[in-house]
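# Descriptive analysis of the structure
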Amino acid sequence: MADPPLLTIDALHTYFRRGTETIYAVNGVSFTVLPGEAVGVVGESGSGKSVTMLSLLGLVRGRVTVRVAQAQFKSWDLTRLSRRQLEDVRGRDIGVVFQDPMTSLNPVMRVGDQVMEAMLAHQYAPPQAAFRRTLDLFREVGIPDGAARFRAYPHEFSGGMRQRIMLAVAIACEPELLIADEPTTALDVTVQMQILSVLQALRSRRRMSVVMITHDFGVATNFCDRILVLYAGRVVESAAVTDFLARPAHPYTRGLKGSILEIGSRGRSLTPIAGSPPTLTAPPTACTFAPRCPFAVPQCAEELPQLRTLSAGHQVACHRAEEVLDHVG
Ligand SMILES: Nc1ncnc2c1ncn2[C@@H]1O[C@H](COP(=O)(O)OP(=O)(O)OP(=O)(O)O)[C@@H](O)[C@H]1O
Ligand code: SF4
Ligand SMILES: [Mg+2]
């Protein structure tokens, strides 16, 4: 029998109040992550990738409402954990790499202490072992001369180096799940490969699962098993990488794939499809992609397409997915 999912998120909604407006940032996102699985999360800027992950970790700030039908990680119902319990799970069982390293590293604490603290706070290792492991982690993530750099502060490092320190903090306790928001974005290709091989090794050694948010389709399709495509705060397609590349069934995914071929795998902040994403000031009641969609029919402007299963492991939220699949070109 297949293993149960490590993480199950069902119908996550996140709304922000901004002045008199409400921003419907996440509108019913559901997904699972299996033990050992790497899930890539892609979508244009503002599609809700970061807010989805921050919401399930209890980390969204501001005037915000988060609603979710189910948020299960292992045996824990994340919605029922106290702030303290959630903090304990985060960092020990779920490692997190945030999109902006400067907001998550403590500017007045030496970087070595920050990595060590991650282990000490969760009783992962006693001080001597934590110190040795910190030096090992620095070497693994590509921070040269770790013993000397241990006592430096975050502002003494470049952006790419800070990103590696964040990663060292996130994997220090060998979490079962790593949620990484653009973890290799500021890094050159060589270091990116080095970091991905560290993660790959952790995946095989610990059967660590990864949720990787990335604009880099090369990273997503090479590293991950499955891709989730987000559009306007909803999952529009979930597919194994092979299906994502060979049989994209949502017109938006097709557009993304076209943009990969045109711009190359490292195209960043691209606008792959003519038009712009919708403003999210009302909850969606129809297909939010319709104004940009070459396949749109009147039904699309009237009825919200639900995520449905096309074939094993392949789900799509489009009224016309079968025709999209049949369409050549
Ligand atoms: N604290 C906040 N207050 C109000 N609106 C917010 C807040 N955080 C995010 N949003 C809005 O929520 C929507 C989703 O944002 P999110 O950061 O999840 O996008 P993203 O997909 O991660 O984009 P990017 O690729 O640029 O990182 C956006 O419209 C954003 O402006
Ligand atoms: S539901 Fe209609 S508008 Fe939306 S993606 Fe599918 S065909 Fe296009
Ligand atoms: Mg983001």
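In what follows, the accompanying structure is described.

Cut-off values and rules
- Residues numbered from 1 in each chain as written.
- Chains lettered and ligands numbered in written order.
- Predicted model: local features only at pLDDT ≥ 70, side-chain atom pairs only at ≥ 80, totals over all residues.
- Heavy atoms only, no water.
- Near = heavy atom within 4 Å.
- Polar contact = N/O pair within 3.5 Å; in protein donor to acceptor, adjacent residues only side chain to side chain.
- Areas by Shrake-Rupley, 256 points an atom, 1.4 Å probe, with all protein chains shown as cover.
- Helix = DSSP H or I, 4+ residues; strand = E, 2+ residues; numbered from the N terminus.
- Nonpolar A, V, L, I, M, F, W, Y, C, P; charged D, E, K, R; others polar.
- Phe/Tyr/Trp six-rings, centres within 6.5 Å; stacked < 30°, edge-to-face > 60°.
- Buried < 20%, exposed > 50% of the residue type's maximum accessible area, 1.4 Å probe, protein only.
- Lys NZ or Arg CZ within 6 Å of the ring centre and 35° of its normal.
- Core = buried A, V, L, I, M, F, W, Y, C linked by side-chain atoms within 4.5 Å.
- Contact = heavy atoms within 4.5 Å.

### Observations concerning the site of ligand 1
Contacts to ligand 1 come from 14 residues, most closely from Ser 45, Gly 46, Lys 49, Ser 50 and Gln 99. A distance of 2.8 Å is found between an oxygen atom of ligand 1 and a side-chain nitrogen or oxygen belonging to Lys 49. When the free accessible area of ligand 1 is taken as 640 Å², the share hidden by the protein chains comes to 70%. Those elements that provide at least two residues to the shell around ligand 1 are strand 1 (7-18) and helix 1 (49-56). Examining the composition of the shell around ligand 1, we find that three residues originate from one element, helix 1, more than from any other. The residue makeup of the shell around ligand 1, split by class, is three nonpolar, seven polar and four charged.

### Thoughts on the site of ligand 2
Around ligand 2, the surrounding shell holds 13 residues, and the nearest of these are Cys 287, Cys 293, Cys 300, Cys 318 and His 319. For the shell around ligand 2, the residue count by class is 10 nonpolar, two polar and one charged.

### Here we look at the packing of aromatic side chains
Considering all chains together, one arrives at six aromatic pairs under this definition. Judged by centre distance (5.2 Å) and plane angle (85°), the ring pair of Tyr 231 and Phe 289 falls under edge-to-face. Taken as a pair, Tyr 231 in strand 10 (residues 226-231) and Phe 289 in the loop between helix 11 (251-263) and strand 12 (308-311) lie far apart in primary sequence, 58 residues in all. No difference in accessibility class separates Tyr 231 from Phe 289, as the two residues are buried. Put simply, the rings of Tyr 231, Tyr 252 and Phe 289 touch in pairs and so form one group of aromatic residues. Here Arg 149 stacks its cationic end above the ring of Phe 157, 4.3 Å away from the centre of that ring. Residue placement shows Arg 203 over the ring face of Phe 223; its charged tip is 5.4 Å from the ring centre.

### Side note on the nonpolar core
In terms of nonpolar packing, the biggest core is built from 101 residues, with Phe 31, Leu 177, Leu 178 and Leu 199 touching the most fellow members. Considering every element that reaches this core, the biggest residue donor is helix 7 (residues 159-171), with seven residues. Residues in contact with Phe 31, not counting those within four places in the same chain, are Leu 7, Thr 8, Ile 9, Thr 52, Met 53, Leu 56 and Leu 228.

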